[in-house]
Amino acid sequence: MCDFKQRDYACGHRRWLAFRHCAEYIRTRRRNCATNVLEFEERPNDICGECKSCQQLSRAPWMKSSFTSGLKLHH
Ligand SMILES: [Zn+2]
Ligand SMILES: [Zn+2]
């Protein structure tokens, strides 16, 4: 099980930042285990990196698909 910090942004998105990955992940580089959230952080005055890049790239929408993250989770 990998340890994460959960961060809630003003835009309503939620991100998980890894503190520590378990041996299973380090060996396989795949997340098959449960997410163990150790810490919660609120960012009421901040939006997530994806929303920031959407704003910056609003004139170039075809570039959005190139932004991917292994830790991106939708709710
Ligand atoms: Zn793990
Ligand atoms: Zn966002």
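Owing to the predicted nature of the structure, the values given are computational and were not obtained by experimental measurement.

S.K.: Looking at this model, I keep getting lost on the overall build of the protein chain. Mind explaining?
M.R.: The helix and strand inventory of the protein chain stands at two helices and three strands. Along the protein chain, helices (α) and strands (β) appear in the sequence β-β-α-β-α when read from the amino end. For the protein chain, the residues scored as buried account for 1% of the 75 residues in total.

S.K.: Looking at this structure, how should I read unusual backbone geometry?
M.R.: Most of the time, phi is negative for any residue but glycine, and the peptide bond is trans. Even without being glycine, Arg29 reaches a positive phi, approximately 60°. In this fold, Arg29 is placed in the loop between α1 (23-28) and β3 (35-43).

S.K.: It is not clear to me how the sheet that holds strand β2 (residues 14-20) should be interpreted in this structure. Could you clarify?
M.R.: Adjacent strands of a sheet form backbone hydrogen bonds with each other and so pair up, either parallel or antiparallel. The three strands lie next to each other as β2-β1-β3, forming an open sheet whose pairing is mixed. Edge positions in the sheet fall to β2 and β3, since each of these pairs with one other strand and no more. On average, adjacent strands in this sheet sit at an angle of 25° to one another, irrespective of strand direction. Bridging between strand β1 (residues 2-9) and β2 involves six bridges; their strand directions are antiparallel. Following the sheet pairing, Arg7 is matched in β2 by Arg15.

The rules behind each value
Residues numbered from 1 in each chain as written. Chains lettered and ligands numbered in written order. Predicted model: local features only at pLDDT ≥ 70, side-chain atom pairs only at ≥ 80, totals over all residues. Helix = DSSP H or I, 4+ residues; strand = E, 2+ residues; numbered from the N terminus. Buried ≥ 20, exposed ≤ 12 C-beta atoms within 10 Å, placed from the backbone. Pairing = 2+ DSSP bridges. Axes fitted to C-alpha atoms, helices over the stretch in contact; angles between N-to-C directions.

Treat this as a map of the structure, not an account of what it does.
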